[in-house]
Amino acid sequence: MCGRYAATKDPAKLIEEFEAVDLTEGHARADYNVAPTKNVVTVVQRHPRDEDGEVLEDEPAERSLRLMKWGLVPFWAKDPSVGSRMINTRAETAAEKPAFRRALTSRRCLVPADGWFEWRRTGKEKEPFYMTAPDDSSIAFGGIWETWRPKDDENASPLITFSIITTDAAGQLTDIHHRMPLIVPRSHWDGWLDPDRDDVTDLLVPTPDDIVSSLELRPISSRVNNVRNNGPELLERVEPAHEGALFDVPKS
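Residues numbered from 1 in each chain as written. Predicted model: local features only at pLDDT ≥ 70, side-chain atom pairs only at ≥ 80, totals over all residues. Heavy atoms only, no water.

Now for the environment of Val55. Inspection of the secondary structure assignment puts Val55 in the loop between β4 (39-46) and β5 (62-70). The residues touching Val55, leaving out its near neighbours within four places in the chain, are His47, Pro48 and Arg49. (Helix = DSSP H or I, 4+ residues; strand = E, 2+ residues; numbered from the N terminus. Contact = heavy atoms within 4.5 Å.)

Pasting the structure below:
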């Protein structure tokens, strides 16, 4: 499960890290509490188009940062509200489900994150944790994206949405939750983003043990439970014993 994460790096740093150009048009913002339906930075790689919108497949694909709304809306959906129910896509069934299989074949993205939040259940309470890399490098979630337009308005601006791929939790993460986002290792970024590759079965695999074992599992304040709270204090370590009862925890 991935229902909240942090993404605070500015585009300049992401441009360098992902070797991409910035197409966010100045709208990217640091977000310490990314929640579904927000517009956030993703990384895609696409062939350019001509003036008529035709894909120039003979031209090299370009990697870019683009803003997308979290919550996949399939191109055939009648109502974009379905996106709120499609924030995650299970790796085990993505190639089979009608809502996801086309995007998995031809519309994959990376979702840069500083880390993500998860809640560990202890009795009737849930304790929030922040999973993050120890060296301040971005964690790249595997994602898929789609373009949606209302059928009754051909001139409407397209809605670009995405979903985060999830897998079974591994290693130390199993102590927190049974699911986790698919973390795409840097060595697989090219393959995952390649617009000419339609089969990524070999990349839909558990996150490598060395990445999982290197993550910091940081207990944090229950302030993260409220999506209105948004600041660096949400990422600060707290002593679990001092937290007491936790309320209003997102469903997982």
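Taken as a class, soluble globular proteins show a tendency for nonpolar side chains to be buried jointly. Core analysis: the largest hydrophobic core is formed by 29 residues, its most contacted members being Tyr5, Trp70, Trp116, Phe141, Phe162, Ile164 and Leu173. Mapped onto this core, the elements with two or more residues apiece are β4, β5, β7 (108-113), β9 (125-132), β10 (139-148) and β11 (159-168). Core analysis: the next-biggest nonpolar cluster, separate from the first, contains 27 residues, Leu65, Leu110, Leu182 and Val184 among them. (Core = buried A, V, L, I, M, F, W, Y, C linked by side-chain atoms within 4.5 Å. Buried < 20%, exposed > 50% of the residue type's maximum accessible area, 1.4 Å probe, protein only.)

Take the sheet that holds strand β1 (residues 5-7) next. The antiparallel open sheet is built from 5 strands, whose spatial order is β3-β1-β8-β9-β13. What marks the edges here is a single partner per strand, and that holds for β3 (31-34) and β13 (216-219). Each strand of the sheet is rotated relative to its neighbour by a mean of 30°, with strand direction disregarded. Where β1 meets strand β8 (residues 115-122), 2 bridges bridge the pair, whose relative direction is antiparallel. Directly across from Ala6, in β8, lies its bridge partner Gly115. (Pairing = 2+ DSSP bridges. Axes fitted to C-alpha atoms, helices over the stretch in contact; angles between N-to-C directions.)

What follows is about the pattern of salt bridges. Taken as a whole, this structure holds 10 salt bridges when the rule is applied. Between Asp31 and Lys38 there is a salt bridge, with its nearest N and O atoms 2.9 Å apart. Take Asp31: its relative accessible area is 11%, and that puts it in the buried class. Note that Glu127 and Arg120 form a salt bridge whose closest N and O atoms lie 3.2 Å from each other. In this structure, a network of salt bridges that share partners links the residues Glu92, Asp168 and Arg179. (Salt bridge = Lys/Arg side-chain N within 4 Å of Asp/Glu carboxyl O.)

Turning our attention to the confidence of the model for the protein chain. Considering every residue of the protein chain, the mean pLDDT works out to 91; 94% of them sit at 70 or more. The model gives residues 242-252 a pLDDT under 50, and that stretch makes 25 contacts with residues more than four places away or in other chains. (pLDDT = per-residue confidence, 0-100.)

Going through the model one piece at a time under the given rule, you end up with 6 aromatic pairs. When the ring of Tyr5 is compared with that of Phe141, the centres are 5.7 Å apart and the planes differ by 85°; the resulting orientation is edge-to-face. Of this pair, Tyr5 sits in strand β1 while Phe141 sits in strand β10, placing them 136 residues apart in sequence. Under the relative-accessibility criterion, Tyr5 is labelled buried at 0%. Taking the relative accessible area as the measure of exposure, Phe141 reaches 0% and is therefore buried. Geometrically, the ring pair formed by Phe117 and Tyr130 is tilted, given 5.2 Å between the ring centres and 35° between the ring planes. Note that Phe117 is positioned in strand β8 and Tyr130 in strand β9, a separation of 13 residues in sequence. Within the aromatic cluster, the residues linked to one another by ring pairs are Tyr5, Trp70, Trp116, Phe141 and Phe162. Here the basic side chain of Arg102 rests over the ring of Phe75, its NZ or CZ set 3.8 Å away from the ring centre. When the ring centre of Trp145 is taken as reference, the NZ or CZ atom of Arg107 above it lies at 5.7 Å. (Phe/Tyr/Trp six-rings, centres within 6.5 Å; stacked < 30°, edge-to-face > 60°. Lys NZ or Arg CZ within 6 Å of the ring centre and 35° of its normal.)

This part takes up the pairing of β11. Counting buried positions along β11 yields 7 of 10 residues, so the element is predominantly enclosed. Bridge analysis of β5 against β11 gives 2 bridges, and the strand direction is parallel. In the strand pairing of β11, Lys69 is matched with Thr161. In this structure, β10 lies alongside β11, joined through 6 bridges in antiparallel fashion. Considered in β11, the bridge of Trp148 is made with Leu159. One ladder, built from 3 bridges, connects β11 with strand β12 (residues 179-181); its direction is antiparallel.

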